[in-house]
Amino acid sequence: MTGIKKIITGFLTLTVSGLMLTGCNTDMTKGLREHYTKEEASDELKTGAEKMEEWIGKNCPDGKAVSMENSFCQLTGGPIFLTGFVEGEFSDGRETYDYLMNVENGELYLDPGGEKRQEFYDECRALVEEGLGVDELIMDKSEYSNMSFVLSMGMEDRIMVDEAHKPGAETDDKLKKGALGFWLTNIETHGYLPASLVLSDGEVRDFVRDRDRKDLIVVGMNVYVPEETDLSIYTVDNIESIEKEYGLYFERLILNTDKEQLDFNQNGDERNVSISKNEK
């Protein structure tokens with residue numbers, strides 16, 4: 001058990017079609033809220049096993065999936081969906097890692113352990129500071145201050161447009177799209193990295209700064225920047241040019257000085273920037 005299904009246990013919330021959705025663990029009503037069939041779950045596992053066997057054959061002959069199970073988006077008082085990933089434990093013949101595999105593209109991601117997770121976090125932070133042109137991103141002591149970095153893991157189409165708020169979408173589809181984005185952007189504490197990078201003990205800095213990497217780095221933050229920072233330079237065009245140059249995607253971006261707060265957000269296809277007075 002990797003604990004992925006327990007990840008959405010925090011106090012973060014997501015409003016989708018007027019419903020407040022908060023992560024939770026499995027409860028006694030699970031069977032009533034499963035928005036997938038046993039056949040769909042079984043097919044996803046079968047595909048995952050085939051993709052895993054293919055990946056091992058190409059990349060790690062001594063590798064083995066020690067365990068494999070479906071991964072779910074689970075929402076309080078709402079439906080439970082399949083994520084399109086399988087999870088479990090993977091052994092390369094020497095060490096065992098928690099893993100996630102995208103069953104659509106067959107990409108394998110491993111939890112590299114605390115040291116490399118911290119290295120990934122630090123390198124991503126430095127990359128974003130460079131992209132935004134600030135000396136430091138500052139976390140204060142409030143409960144709202146946060147900073148997260150997670151790979152898109154082949155889910156770009158599910159997070160780059162806020163499907164949950166697009167008009168005309170079926171309620172179930174809104175819930176699923178919103179849940180998948182929520183699930184992805186809240187697994188940052190696990191810091192999964194491509195298996196090829198982890199098993200080769202590759203340089204995390206080189207990976208983060210590789211403009212040709214497959215995955216975007218999804219960024220979520222509410223931080224302070226140096227007081228002299230001119231927040232007005234961060235227009236939608238400016239932020240999107242930073243994303244393109246550095247291989248980032250700002251899923252959530254709030255920048256503060258003592259006097260002002262910049263909020264960059266997305267609603268459907270539209271992305272917006274607003275600046276307001278900062279009331280501490």
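Look above for the structure.
Chains are numbered independently. Their residues run from 1 in the order of the written sequence. Side-chain atom pairs in this predicted model are given and counted only at pLDDT of 80 or more, local residue features only at pLDDT of at least 70, and totals for whole chains, interfaces and linings cover all residues. The side-chain quantities take in all heavy atoms of the structure and omit both hydrogens and water.

**Considering helix H2 (residues 114–132)**
For an α-helix, 3.6 residues make a turn, and residues three or four places apart therefore share a direction. The condition is simple: Strands are runs of DSSP state E lasting at least 2 residues, helices are runs of H or I lasting at least 4, and numbering of each runs from the N terminus. Expected helix span is computed as 1.5 Å times (number of residues minus one). Throughout this description, buried means an accessible area under 20% of the type-specific maximum (1.4 Å probe, protein chains only), exposed means over 50%, and partly exposed covers the range between.
Taking 1.5 Å per residue as the helical rise, H2 with its 19 residues ought to reach 27 Å, and the 27 Å between its terminal C-alpha atoms agrees with that figure. Every buried residue belonging to H2 is among Lys 116, Phe 120, Glu 123, Cys 124, Leu 127, Val 128, Glu 129, Gly 131 and Leu 132, and all of these are buried. A positive backbone phi angle near 70 degrees is found at Gly 133, which sits one or two residues after H2.

**Remarks on the environment of Met 221**
Put simply, the test is: Any pair of residues with heavy atoms lying within 4.5 Å of one another is described as a contacting pair.
Mapped onto the fold, Met 221 is located in strand E10 (residues 217–224). You can call Met 221 buried: its relative accessible area is 0%. Not counting chain neighbours up to four residues away, the residues in contact with Met 221 comprise Val 128, Leu 137, Asn 146, Met 147, Phe 149, Arg 252, Leu 253 and Ile 254.

**Focus on the side chain of Glu 129**
Tracing the chain through its elements places Glu 129 in helix H2. Look at Glu 129 and you get buried, because its relative accessible area is 14%. For Glu 129, the contacting residues outside a window of four places in its chain are Val 134, Asp 135, Glu 136 and Leu 137.

**Comments concerning the layout of surface pockets**
Taking a probe equal in size to a water molecule and rolling it over the atoms shows the remaining empty space. Short version of the rule: Method remark: on a 1 Å grid restricted to protein atoms, a set of points is classed as a cavity if a 1.4 Å probe fits but cannot get out and as a pocket if it is open with protein on both sides within 12 Å along at least five of seven lines; lining residues have an atom within 4 Å of a point. Grid points are joined across faces, edges and corners, and a volume is the space filled by probe spheres set on the points. Side-chain classes are defined by residue name, with Ala, Val, Leu, Ile, Met, Phe, Trp, Tyr, Cys and Pro counting as nonpolar, Asp, Glu, Lys and Arg as charged, and the others, Gly among them, as polar.
By volume, the second largest pocket amounts to about 340 Å³. Taken together, 17 residues form the lining of the second largest pocket, with Trp 55, Gly 106, Glu 107, Leu 108 and Lys 214 sitting closest to its centre. Sorting the residues of the lining of the second largest pocket by element identifies helix H1 (38–59), strand E7 (108–110) and helix H5 (195–199) as the ones contributing at least two each. Per element, the largest residue contribution to the lining of the second largest pocket is five residues, and it comes from H1. Residues belonging to the lining of the second largest pocket are distributed by class as follows: six nonpolar, four polar and seven charged.

**Side note on the packing of aromatic side chains**
The test is simple: To pair, rings of Phe, Tyr and Trp, with the six-membered ring standing in for Trp, must have centres within 6.5 Å; the planes then decide the type, stacked if under 30 degrees apart, edge-to-face if over 60, and tilted in the middle. Placement of a charge over a ring requires the Lys NZ or Arg CZ to be within 6 Å of the ring centre, with the centre-to-atom vector within 35 degrees of the ring normal.
A complete count under the given rule lists four aromatic pairs for this structure. Both rings, one in Phe 85 and one in Trp 183, keep their centres 5.2 Å apart while their planes meet at 50 degrees; by these two values the pair is tilted. Here the residue Phe 85 occupies a position in strand E5 (residues 80–91), and Trp 183 occupies one in helix H4 (residues 171–185), the gap between them amounting to 98 residues. The pair Phe 85 / Trp 183 is uniform in exposure class, with both members buried. When the centroid spacing of 5.3 Å and the interplanar angle of 75 degrees are considered together, the rings of Tyr 121 and Phe 149 count as edge-to-face. On the criterion of sequence distance, the pair formed by Tyr 121 in helix H2 and Phe 149 in strand E8 (residues 146–151) is long-range, its members being 28 residues apart. Looking at Tyr 121, the relative accessible area reads 22%, which means it is partly exposed. The ring centre of Tyr 246 lies 4.6 Å from the NZ or CZ of Arg 211, which sits over that ring.

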